[in-house]
Amino acid sequence: MTGSGEIEAAQERRILDLTRRRTLGEPLQYVTGVAGFRHLDVTVGPGVFIPRPETEQVVDRALAHLPRGGIAIDIGTGSGAMALAIAQERPDAEVWATEVSPQALWWGERNVAALSGAVHLVSGDLFDEVPSSLRRRLHVVVSNPPYVGRDEADELPEEVKDHEPQVALFGGGDGLDVIRRITSEARDWLREGGWLVLEIGATQGDRVAALVEGLGYVEVSTGRDLGGRERIVEARR
Ligand SMILES: C[S@@+](CC[C@H](N)C(=O)[O-])C[C@H]1O[C@@H](n2cnc3c(N)ncnc32)[C@H](O)[C@@H]1O
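Thresholds, definitions, all that
Residues numbered from 1 in each chain as written. Predicted model: local features only at pLDDT ≥ 70, side-chain atom pairs only at ≥ 80, totals over all residues. Helix = DSSP H or I, 4+ residues; strand = E, 2+ residues; numbered from the N terminus. Rg over C-alpha atoms; globule rule 2.2 N^0.38 Å. Contact = placed C-beta atoms within 7 Å. Domains from an automatic or database assignment. Near = placed C-beta within 6 Å. Buried ≥ 20, exposed ≤ 12 C-beta atoms within 10 Å, placed from the backbone. Core = buried A, V, L, I, M, F, W, Y, C linked by C-beta atoms within 7 Å. Expected span 1.5 Å × (residues − 1). Pairing = 2+ DSSP bridges. Axes fitted to C-alpha atoms, helices over the stretch in contact; angles between N-to-C directions.

(A) Summary view of the overall build of the protein. The helix and strand tally for the protein stands at 9 helices and 9 strands. Taken over C-alpha atoms, the radius of gyration comes to 19 Å for the protein, in line with the 18 Å a tight globule of 237 residues would show. Seen along its three principal axes, the alpha-carbon backbone of the protein occupies a region of about 70 × 40 × 30 Å. Counted over contacts in the protein with a minimum sequence separation of 6, partners at least 24 positions apart contribute 67%.

(B) Fine view of the domain arrangement of the protein. Here the protein is described as being made up of domain 1 (1-32) and domain 2 (37-236). Using C-alpha coordinates to define each centre, domain 1 is positioned 34 Å away from domain 2. Taken together, the contacts link 5 residues of domain 1 with 8 residues of domain 2.

(C) Spatial organisation of unusual backbone geometry. Here Arg38, not a glycine, exhibits a phi torsion of approximately 50°, which is positive. Note on placement: Arg38 falls in the loop between β1 (34-37) and β2 (40-43).

(D) The site of the ligand, seen in detail. Residues in close proximity to the ligand total 23 residues, the closest being Gly76, Gly78, Val100, Asn144 and Ala168. For the shell around the ligand, the elements supplying multiple residues, two or more each, are α4 (81-89), β4 (94-99) and α7 (166-169).

(E) Examining the environment of Arg207 more closely. Looking at the secondary structure, you find Arg207 in helix α9 (residues 205-214). Here Arg207 falls in the partly exposed class, since 15 other C-beta atoms lie within 10 Å of it. Along the chain, Arg207 and Leu176 lie 31 residues apart, while their C-alpha atoms are 9.0 Å from each other.

(F) Local environment of the nonpolar core. Ranked by size, the top nonpolar core spans 59 residues in total, and within it Ala72, Ile86, Val141 and Leu196 carry the most contacts. With 7 residues, α4 is the largest single contributor of residues to this core. In contact with Ile86, other than residues within four places in its own chain, are Val59, Ala62, Leu63, Ala72, Ala93 and Val95.

(G) Region of interest: helix α5 (residues 102-115). Given a rise of 1.5 Å per residue, 14 residues ought to cover 20 Å, and the 20 Å separating the end C-alpha atoms of α5 matches this to within 8%. Buried residues along α5 sit in contact with β2, α4, β4, β5 (119-123) and α7. Positive backbone phi, approximately 75°, marks Gly117, located one or two places after α5.

(H) The environment of Tyr217, seen in detail. Within the secondary structure layout, Tyr217 lies in the loop between α9 and β8 (218-224). Between the C-alpha atom of Tyr217 and that of Leu16, which follows or precedes it by 201 residues, the distance is 53 Å. Filtering out sequence-adjacent residues up to four positions away, Tyr217 remains in contact with Leu196, Val212, Ala235, Arg236 and Arg237.

(I) Molecular detail of the pairing of strand β6 (residues 138-143). Extensive coverage of β6 is indicated by the burial of 6 of its 6 residues. Sheet analysis places β6 next to strand β7 (residues 190-199), joined by 5 bridges and oriented parallel. Across the sheet, residue Leu138 finds its bridge partner in β7, namely Leu190.

(J) Structural detail: the sheet that holds β7. Pairing in this open sheet of 7 strands is mixed, and the strands run β5-β4-β3-β6-β7-β9-β8 from one edge to the other. This sheet does not close on itself; its edge strands, each paired only once, are β5 and β8. Averaged over all adjacent pairs, the angle separating strand axes in this sheet is 15°, with direction ignored. With 5 bridges connecting them, β7 and strand β9 (residues 230-236) associate as antiparallel partners. Opposite Val197, over in β9, you have Glu234 as the bridge partner. In this fold helix α8 (residues 177-186) packs onto β3 (71-75), β6 and β7, with an angle of close to 165° to the strand it touches most, β7.

Listed below in structure tokens is the structure:
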């Protein structure tokens, strides 16, 4: 038994362990095991990308394009944050999500089970395992893909590059490898008039806008985050 103001040995060990992990540079959200995203608290830990505040705006844009009863998919869902936020804020919608990393998927499944179960989570590379019955039926394809270029790795804070999964961060030499694949493949899954909404790196707006225009999308535009940086591309199929 402990008196008031005292802590038990097990609690002390736990506090010291958490403090040690944080002092060694592990992200706060991994140490606490939770990240806030829109109206949700999602569970996170090593192996999954920590959802960022700027991505909340990407969800805003996806919601703006999602009609009542519409179908949306989040490609590379990680913790499930974006898909779960859409499902929570728009219970009328049908929400799908895919993830290629088994470690990230483990966290995503946990959050989907804990927070609603209202997201259809699929294990696989981009659209590969999405049921073909959804082809040409999606109203919104949204993604915060890996988009950091190989040359930009050194610019990432150590907390990010030493702890968050590489597959969540890096998109090949110029950072656009996954974006090129998503923008191309999404054309087969979006219905006519459906919307693609992508988070991008701050220097990629012009290149990604040109890419999607070249693929035949229309009404292409870029949007800024709260810091004024171009971080979103959206386009209509
Ligand atoms: C930047 S993180 C974003 C995670 C989550 N959407 C968020 O915003 O918190 C990118 C995610 O895409 C996943 N990913 C990378 N390549 C993928 C692919 N080819 N197919 C599906 N998911 C992929 C990564 O594992 C990671 O979870």
